Amino acid sequence: MSSECSNNCNTCGKNCSNRKEGASGNPFAVNNDKSDIKKVIAVVSGKGGVGKSLVTSMMSVMARRKGYNTAILDADITGPSIPKSFNVMEKAKSVDDMLLPIESKTGIKMMSINFLLDDETTPVIWRGPVISGTVKQFWSEVLWEDVDYMFVDCPPGTGDVPLTVFQSLPVDGIIVVTSPQELVSTIVEKAVNMATMMGVPIIGIVENMSYFVCDKCNEKHFIYGKSNIEEIANKYGIKLVCRIPMDKKLRELVDAGQVEDFEGQWLDEMMEVIDGHK
């Protein structure tokens, strides 16, 4: 046993050698015997509004285009936006006390709190433990059949839900999403430090709204200024940094619920790295 072990499983991640399923304090969420999820990738951010759900959507679309059975677990219970990106407004049904995920037009399986609300505009005013419990239910009480890649869209910050995801789901790696503003760098480091403390490997960093390509001169303009994201990545030994520009067509597709039609190679390298660690 490690000399640093506190014997409190609330403070460790799934890779802790001392922690066992069912350990006192915070046992792993047990999946049902009808589900089969091979790889889980969590998408996190230190603050809101940086494009975390956009990256989750785009990565799931890319995995699906490569022929993989893909799923999204929308863990952002109080601010779900995945259904809007895919223009999916159906209500989830159940069979044998298990929820059935909703599928997008290309077959991406999804579960979001919006699929359970009578009115999607109804605010979810729940305390942390209830929200965390819902995330566990989305893992254990949904029929996730034959899923190659599941992307988990986490809410921003380092609070209850990201902690629940890291501790209760078998996360294989995380993608950290950020934007170029200087004030974001400290927040990014907090998210990276949390992942490190929880023993969850960081696949890479995505900088959204990184630059703008002028329609007339075709040059890159760094509206928010050039960031120091490479310095942060190097500091923590993160080898992969991808950038998504401010792209009018991409925004229009997401707003129209047509994210599955996006064109762009901004995250190709991220998908290659994930695909290479099967």
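Bear in mind the structure is a predicted one, so any value in this text is a computation, not a measurement.

**Comments concerning the packing of aromatic side chains**
Applying the stated criterion to the full structure yields 3 aromatic pairs. Linked through ring pairs, Tyr 68, Tyr 149 and Phe 151 together constitute an aromatic cluster. Note that Arg 65 overlies the ring of Phe 262, its terminal NZ or CZ placed 4.6 Å from the centroid. The side chain of Lys 220 reaches across the aromatic face of Tyr 211, ending 4.4 Å from its centre.

**Quick notes on the sheet that holds strand S2 (residues 70–74)**
As summarised here, the arrangement of the 8 strands in space is S5-S6-S2-S7-S1-S8-S9-S12, forming an open sheet in which the pairing is mixed. Across the chains shown, the open sheet's two edge strands, defined by having one partner strand only, are strand S5 (102–103) and strand S12 (241–244). Pairing geometry for S5 and strand S6 (residues 109–111), over 2 bridges, is antiparallel. Opposite Ile 102, over in S6, you have Met 110 as the bridge partner. Sitting on the sheet, helix H8 (residues 268–275) is in contact with strand S1 (37–45), strand S7 (147–153), strand S8 (173–178), strand S9 (202–208) and S12, with an inclination near 170° to S9.

**Re the pattern of salt bridges**
On inspection of all chains with the given rule, the structure shows 11 salt bridges. For Lys 105, the salt bridge is made with Asp 261, and the minimal N-O distance between the two is 3.2 Å. Within this pair, whereas Lys 105 is found in the loop between S5 and S6, its partner Asp 261 is found in the loop between helix H7 (248–255) and H8, the two being separated by 156 residues in sequence. When salt bridges that share partners are traced, they join Asp 36, Lys 38, Asp 146 and Asp 148 into one network.

**What about the environment of Leu 163?**
With respect to the helices, strands and loops of the structure, Leu 163 is situated in helix H4 (residues 160–168). Sequence-wise, Leu 163 and Ala 195 are 32 residues apart; in three dimensions their C-alpha atoms are separated by 9.3 Å.

**Topic: the packing of helix H3 (residues 128–140) against H4**
Across the interface, H3 lies against H4 with an axial gap of 9 Å and an inter-helix angle of 40°. As H3 packs across H4, the resulting crossing turns out to be right-handed. The residues of H4 that touch H3, namely those facing Gly 128, Pro 129, Ile 131, Ser 132, Val 135 and Lys 136, are Asp 160, Val 161, Thr 164, Val 165 and Ser 168. Along the lines of polarity and charge, the residues of the contact of H3 with H4 split into 5 nonpolar, 4 polar and 2 charged.

**Some thoughts on the confidence of the model for the protein**
In this model, the protein carries an average pLDDT of 87, and 88% of its residues clear a pLDDT of 70 or more. Predicted confidence for residues 1–11 stays below pLDDT 50, and this span has 14 contacts to residues more than four positions away or in other chains. With pLDDT under 50 throughout, residues 17–27 is counted as low confidence; its partners more than four residues away or in other chains account for 25 contacts.

**Some words on H3**
Between its first and last C-alpha, H3 extends 19 Å over 13 residues, near the 18 Å set by a 1.5 Å rise per residue. Looking only at H3, the buried set comprises Ile 131, Ser 132, Thr 134, Val 135, Phe 138, Trp 139 and Ser 140. Packing partners of the buried residues in H3 comprise S1, S2, S6, S7 and H4.

Rules behind the numbers
- Residues numbered from 1 in each chain as written.
- Predicted model: local features only at pLDDT ≥ 70, side-chain atom pairs only at ≥ 80, totals over all residues.
- Heavy atoms only, no water.
- Phe/Tyr/Trp six-rings, centres within 6.5 Å; stacked < 30°, edge-to-face > 60°.
- Lys NZ or Arg CZ within 6 Å of the ring centre and 35° of its normal.
- Pairing = 2+ DSSP bridges.
- Helix = DSSP H or I, 4+ residues; strand = E, 2+ residues; numbered from the N terminus.
- Contact = heavy atoms within 4.5 Å.
- Axes fitted to C-alpha atoms, helices over the stretch in contact; angles between N-to-C directions.
- Salt bridge = Lys/Arg side-chain N within 4 Å of Asp/Glu carboxyl O.
- Left-handed = near helix turned anticlockwise from the far one by under 90°.
- Nonpolar A, V, L, I, M, F, W, Y, C, P; charged D, E, K, R; others polar.
- pLDDT = per-residue confidence, 0-100.
- Expected span 1.5 Å × (residues − 1).
- Buried < 20%, exposed > 50% of the residue type's maximum accessible area, 1.4 Å probe, protein only.

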